[in-house]
Amino acid sequence: MRWLKYIGAAVLLIAFIALVVAQGLLRASLPQLDGDIRHSGVRAPVHIARDARGVPTIDAATRLDLAYATGFVHSQDRFFQMDLSRRLAAGELSELFGPVALEQDRKPRLFRFRRIAREVLAEATPAQRALLESYARGVNAGLAQLSGRPWEYYLLAQEPLAWRAEDTVLVEYAMWWDLQANGLRREILRRELNARLGGPECAGGWKCALSFLYPAGTEWDAPDVAPESRRALAPAPLPDAAALNIRAAPAASAAPAAVAGAPSAGSNGWAVAGRLTASGAALIANDMHLGQRVPPVWYHARLRTAAGADGPALDLNGVTLPGAPLVVAGSNGHVAWGFTNSYGDWVDIERVPCTAVSAASLTTPAGTSTALSVAHEEIRVKGAAPVTLEIKSGPAGLLLKVDERAHACWFGSWLAQQPAATNLNLLDMERVRSVAEALALAPAIGTPHQNAVLGDDQGHIAWTIFGRVPEDTGPTRASGRGPWTSAADHPRIVDPPQGRLWTANARVADEPRALQLIGGQVAGLGAEYDLGARAGQIRDDLLRLSGPATPADMLHIQLDDRAVFLARWRTLLLTLLDADGVRAQPRRAEFRRLVEDWKPAASVDSVGYRLVRTYRDTTERATWDMLLAGLGVSGDEDTLLPAQFEGPLWRLLSERPLHLLAARYPDWPQFLLAQVDASIATLDKECSALARCTWGARNLVRIRHPLSSALPLMASFLDLPPIELPGDHDMPRVQDHAFGASERFAVSPGHEADGYLVIPGGQSGHPLSPYYRAGFQQWAHGEPLSFLPGATEHTLTLTPN
């Protein structure tokens, strides 16, 4: 009928108009790339040149103008990302997203980071405050220059809030949160296990049996010292039945399910001395492993000033963090640097017996009362009434957790709470001209603790900690009461004889005092260092280099996905699945055949690798849960696996003590065979057939925009294309779904034109920008892109009014 045609035409017209309006709103928030814009925020013209991938080169007359222009481009390309970072740290996401973000906000709001950020800013030098204020003015000017607000705010029906200087400090606290917050949960579990274990005490009040579950080191340790001078760490003895008897424990018959945690923050970084490189300068390689998202964590940029009143000219290249006016990792032409997260003792946790917690006190089992101080924080919630968060503190720090069943109150302190632990001194790396100068700065740099690898144009290399380290190594070191290390005793390794340094979140130092300064009370329990398998594989790759090292050699190591770590697990499986193990078990026989024919790499086409990895993970989870059940730890607790549990796990499977095996298994071989069957059952749910269970199908990487899950019809428009990628944990090429290399680079200072830098996505956070996905395919396929920006395609000039 004719009227139906009219209605249909009208609907199509309305849809077309809506589409045009939506696209118009989207395009309104695209930045201007060419021309001349007058701004009162700069004192001299600033030129912003962009290459084919949108990487900017910013040329300014002064450092303040450079900060202003950096804020300008950050806000135009990445403001929503910056906003999420400051809100994450401050616990203010609910104001943007509503009640759905309330539980997340409660966690960081407990630490009151916005209040601390204001203290940090107040204690900054006048020059640093001026720089952050200039950056904030640039951010807000960049927002105002857009024809429309950033597109995300139309969808959220919100106006973006102006940027303040303190927000840059909050962006730094967002990194503290990402890199160290899990340490609180891990330390609570460690102390809970210590309280439940029997047997004698060792140093620091820890039970000796705990040092078996949390070893100071394993056979995978790869500290940065020559093998002939390396200090061997003796393994802790197995706990005897008096300390831990799983077989006699009533709870051991029903082990809890392990609580799956997010991958620990980690990274790879290494340095090669100039005497071993093709350029004669040191060579620095770095790939920081973080959760991957759209847009990427980092923003590639070149920042330059001319020589003048500010001092010598600056030429800074590398990755910046949107929200901050500096190069975080890269090169200043004289010194290059990169980071990996440094695990250590940065938190204090105390378990206080309690039977009740009232408004302002707690009651102990003896009936005594301990006063608590109380503060209140208001969390604003979009579309709902504000929520008041009550924050209680005692002599041992913040009240983190109340376990009514166990009559325990958990209090904690974190170095991040101390204003003196955070500062803007990383800015001083811009002007260092040697490794020696960088090492002199290191003790005063206030960031989340990082293993810094350094190299200069004269060929010197070093490792140190960037992050303030307390001299106190006792139980109250995170309170900030004591002095900090100085250049005289801050951990470092300089120009080692082997001409190579490597760090992959494992133990780097070998000297006892350095280990104590990093590990504090938990130095004897491994300090949550990574296992070391990845570091060992990097070390071996570096030591095998035969000719003068080049950036191409560094990329080859970063992409190394050989299954060195899992090789012994494959051997265990083949031994276990002998004729008796597969008799009358056709699925086990098929499993064995695929494992025997494995491709020894985490490559996308490897079936055997996936099977071995699944078996290893299943066995690890089952063993850890069995131990927890024997100790009476319920599955609803934060049962994060110790980072170095591979050592104790392998000893259990090798020595097979019966008192550490749950009673439902007659012996260890039956336990191990049960894990084969459990692995097959898991894989049957994931694959149509074992022979089709490739690693690539398991490691399908989906890098998503934060809003795409709420907008499924726009997901393909907002997200990067899903892709199967090689890589895993415990090898140099780390990739676990959307967790992996947030950047890859290698550079020799003074030879930046020979280096490379890739990030997993484009410079822009705007889906209509040609730079939204630029560089992603090169990152995914392990291809290098120039460390320096390419030829100029667009130039925008900011001119003073």
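First, a word on what this report is: a plain description of the structure on this page.

Reading the values: rules and limits
The numbering scheme is per chain: residues are counted from 1 as the chain's sequence reads. Residue-level local features of this predicted model are given only where pLDDT is at least 70; pairs of side-chain atoms are given and counted only at 80 or more, and the full residue set underlies all totals for whole chains, interfaces and linings. As a convention, hydrogens and water are excluded, and side-chain values are obtained from all of the structure's heavy atoms. Helix and strand labels come from DSSP, where a helix needs a run of H or I of at least four residues and a strand needs a run of E of at least two; each type is numbered from the N terminus. The size measure is the radius of gyration over C-alpha atoms, and the globule rule it meets is 2.2 Å times the number of residues to the 0.38 power. Only protein chains enter the accessibility calculation, which uses a 1.4 Å probe. A residue is then buried if its area is under 20% of the maximum for its type, exposed if over 50%, and partly exposed in between. The contact rule is simple, with two residues in contact once any of their heavy atoms fall within 4.5 Å. Computed with the Shrake-Rupley method and a 1.4 Å probe, the accessible areas treat only the protein chains shown as cover for residues. Charge assignment in this entry is limited to Lys and Arg as positive and Asp and Glu as negative, and neither His nor the chain termini are counted. Think of each charge as sitting on NZ of Lys, CZ of Arg, CG of Asp or CD of Glu. By definition, two strands form a pair when at least two bridges between them are found by DSSP. For helices, the fitted line uses only the C-alpha atoms of the stretch in contact; every axis is such a line through C-alpha atoms, and the angle between N-to-C directions lies from 0 to 180 degrees. Under this definition, polar contacts are N or O atom pairs within 3.5 Å; protein pairs additionally need one hydrogen-donor-capable and one acceptor-capable atom, and for neighbouring residues in sequence, both atoms have to be side-chain atoms. The set of buried Ala, Val, Leu, Ile, Met, Phe, Trp, Tyr and Cys residues whose side-chain atoms join them within 4.5 Å is what this entry labels a nonpolar core. Two cysteine sulfurs form a disulfide in these notes if their separation is within 2.5 Å. Throughout this description, any angle smaller than 35 degrees is read as roughly parallel, any larger than 145 degrees as roughly antiparallel, any in the 65 to 115 degree range as roughly perpendicular, and the remainder as oblique. Under the scheme applied here, ten amino acids are nonpolar (Ala, Val, Leu, Ile, Met, Phe, Trp, Tyr, Cys and Pro), four are charged (Asp, Glu, Lys and Arg), and all others, including Gly, are polar. A pair is scored as a salt bridge if a Lys or Arg side-chain nitrogen falls within 4 Å of a carboxyl oxygen belonging to Asp or Glu. Geometry of aromatic contacts follows a simple scheme: Phe, Tyr and Trp rings, the Trp one being its six-membered ring, pair when their centres are within 6.5 Å, and the pair is stacked under 30 degrees between planes, edge-to-face over 60, tilted otherwise. As a reminder, the over-ring test applies to NZ of lysine and CZ of arginine, requiring each to be within 6 Å of the ring centre and within 35 degrees of the ring normal.

This brings us to the overall build of the protein. Of regular secondary structure, the protein possesses 23 helices and 27 strands. Scaling as 2.2 N^0.38, a compact globule of 801 residues should have a C-alpha radius of gyration of about 28 Å, and the protein matches this with 27 Å. Reported as C-alpha extents along the three principal axes, the dimensions of the protein are approximately 80 × 80 × 70 Å. Classification of the 801 residues of the protein by burial places 60% in the buried group. For the protein, restricting intrachain contacts to residue pairs at least 6 apart in sequence, the fraction spanning at least 24 positions comes to 73%. For the protein, the computed accessible surface area is about 30,100 Å², with 56% contributed by carbon and sulfur atoms. With 77 positive and 85 negative side-chain charges, the protein shows a separation of 4 Å between the mean positions of the two kinds.

Next up on the list: the sheet that holds strand 10 (residues 347-353). Each strand in a sheet pairs with another by means of backbone hydrogen bonds, the pair being arranged parallel or else antiparallel. Taken in spatial order, the 5 strands make up an open sheet running 10-17-16-15-14, and their pairing is antiparallel. Two strands lie at the open edges of the sheet, namely strand 10 and strand 14 (373-379), each paired on one side alone. Geometrically, the sheet is characterised by an average inter-axis angle of 40° between neighbouring strands, direction not taken into account. Direction of pairing for strand 16 (residues 397-403) relative to strand 17 (residues 408-414): antiparallel, over a ladder of 5 bridges. Bridging across to strand 17, Asp-403 finds its partner in Ala-408. Along the sheet face, helix 4 (residues 102-109) touches strand 14 and strand 15 (387-394) and points at about 140° away from the line of strand 14.

This part covers the pairing of strand 16. Of the strand pairs in this sheet, strand 15 and strand 16 are connected by 2 bridges, and their pairing is antiparallel. Paired with Ser-393 across the strands is Leu-398, a residue of strand 16. In this structure, the hairpin formed by strand 15 and strand 16 is closed by a connection of 2 residues. With antiparallel pairing between neighbouring strands as the criterion, strand 16 and strand 17 make up a hairpin whose turn holds 4 residues, including His-407 at a positive phi of roughly 55°.

Secondary-structure assignment places Thr-364 in the loop between strand 12 (361-363) and strand 13 (369-371). A polar contact is formed between the side chain of Thr-364 and the side chain of Thr-368, at a distance of 2.6 Å. Contacts of Thr-364, omitting those with residues within four sequence positions, involve Pro-353, Cys-354, Thr-355 and Thr-370.

Summarising the element assignment, Arg-513 is placed in helix 12 (residues 512-519). Once you skip the residues sitting within four places of it in the chain, Arg-513 turns out to touch Glu-471, Thr-473 and Asp-489. Here the side chain of Arg-513 touches Glu-471 through a polar contact of 3.1 Å, side chain to side chain.

Another aspect to go through is the nonpolar core. Tyr-173, Leu-193, Trp-414, Met-429, Phe-591 and Leu-798 are the most contacted members of the largest nonpolar core, which totals 216 residues. Among the elements that take part in this core, helix 2 (residues 63-90) stands out by supplying 13 residues, more than any other. If sequence neighbours within four positions are ignored, Met-429 has contacts with Asn-332, Val-335, Trp-337, Ala-438, Leu-441, Ile-445, Leu-454 and Phe-466. Ranked by size, the runner-up nonpolar core spans 17 residues in total, among them Ala-222, Val-272, Leu-283 and Ala-506.

This brings us to the pairing of strand 2 (residues 46-50). Within strand 2, 4 of the 5 residues are buried, leaving the element largely enclosed by the surrounding structure. In this sheet, strand 27 (residues 794-800) lies alongside strand 2 in antiparallel orientation, the contact comprising 5 bridges. Paired with His-47 across the bridge in strand 27 is Thr-797. Linking strand 2 to strand 3 (residues 56-60), which pair antiparallel, is a turn of 5 residues; within it Gly-54 sits at a positive phi near 85°.

Let's shift gears to the state of the cysteines. Following the criterion strictly, the structure yields 3 disulfides and no others. Note on cysteine connectivity: Cys-202 is disulfide-linked to Cys-208, with sulfurs 1.9 Å apart. Taking the torsion about the S-S bond as the criterion, the Cys-202 to Cys-208 disulfide, at about 135°, is right-handed. Cys-202 sits in the partly exposed class, given a relative accessible area of 34%. A relative accessible area of 23% means that Cys-208 is categorised as partly exposed.

Attention now moves to the packing of helix 17 (residues 586-596) against helix 20 (residues 668-686). Contact geometry of helix 17 with helix 20 gives a least axis separation of 11 Å together with a crossing angle of 85°. Of the possible angle classes, the one that applies to helix 17 and helix 20 is roughly perpendicular. Of helix 20, the residues touching helix 17 (which contributes Arg-587, Arg-588 and Phe-591) are Leu-673, Val-676, Asp-677, Ser-679, Ile-680, Leu-683 and Asp-684. Among the residues making up the contact of helix 17 with helix 20, the classes are represented as 5 nonpolar, 1 polar and 4 charged.

All right, on to the packing of helix 15 (residues 567-576) against helix 18 (residues 607-630) then. Packing of helix 15 against helix 18 brings their axes to within 10 Å, and their N-to-C directions diverge by 85°. In terms of orientation, helix 15 and helix 18 fall into the roughly perpendicular class. Where helix 15 abuts helix 18, its residues Trp-569, Arg-570, Leu-572, Leu-573 and Leu-576 lie against Val-612, Tyr-615, Arg-616 and Thr-619. Of the residues belonging to the contact of helix 15 with helix 18, the class tally is 6 nonpolar, 1 polar and 2 charged.

In this structure the tally under the stated criterion is 48 salt bridges. In this structure, Glu-377 and Arg-112 form a salt bridge, with 3.1 Å as the shortest nitrogen-oxygen distance. Remark: Arg-112 occurs in the loop between helix 4 and helix 5 (113-123) and Glu-377 occurs in strand 14; sequence separation between them is 265 residues. The class for Glu-377 is buried, based on a relative accessible area of 17%. Among the residues examined, Arg-112 registers a relative accessible area of 22% and is labelled partly exposed. The closest approach of N and O atoms between Glu-620 and Arg-616, which form a salt bridge, is 3.1 Å. Taken together, the residues Glu-620 and Arg-616, both in helix 18 and 4 residues apart, mark about one turn of the helix. An identical accessibility class is assigned to Glu-620 and Arg-616; each is buried. Via salt bridges that share partners, Asp-83, Arg-86, Arg-87, Glu-92, Glu-95, Arg-114, Arg-118, Glu-166, Asp-167 and Arg-380 belong to a single interconnected network.

Moving on, we come to the sheet that holds strand 13. Read from one edge to the other, the open sheet built from 3 strands follows the order 11-12-13, with strand pairing classed as antiparallel. Each edge of the open sheet is held by one strand with a lone partner, namely strand 11 (356-357) and strand 13. Note that strand 11 and strand 12 share 2 bridges and pair antiparallel. For Ala-356, the partnering residue across the bridge sits in strand 12 and is Thr-363.

In this section: the packing of aromatic side chains. Going through the model one piece at a time under the given rule, you end up with 20 aromatic pairs. Ring geometry for Trp-176 versus Trp-414: centroids 6.4 Å apart, planes at 80°, classification edge-to-face. Of the two residues, Trp-176 sits in helix 8 (residues 165-180) while Trp-414 sits in strand 17, which places them 238 residues apart along the sequence. In this structure Trp-176 comes out as buried when scored by relative accessible area, which is 0%. When the ring of Trp-177 is compared with that of Trp-414, the centres are 6.2 Å apart and the planes differ by 50°; the resulting orientation is tilted. Highlighted residues: Trp-177 in helix 8 and Trp-414 in strand 17, separated in sequence by 237 residues. With respect to burial, Trp-177 and Trp-414 carry one shared label: buried. Among the aromatic residues, ring-to-ring pairing joins Phe-111, Phe-113, Tyr-173, Trp-176, Trp-177 and Trp-414 into one connected group. Its end group placed over the ring of Tyr-214, Arg-190 keeps NZ or CZ at 5.2 Å from the ring centre. Over the face of the ring belonging to Trp-650 we find Arg-568, whose NZ or CZ atom lies 4.2 Å from the ring centre.

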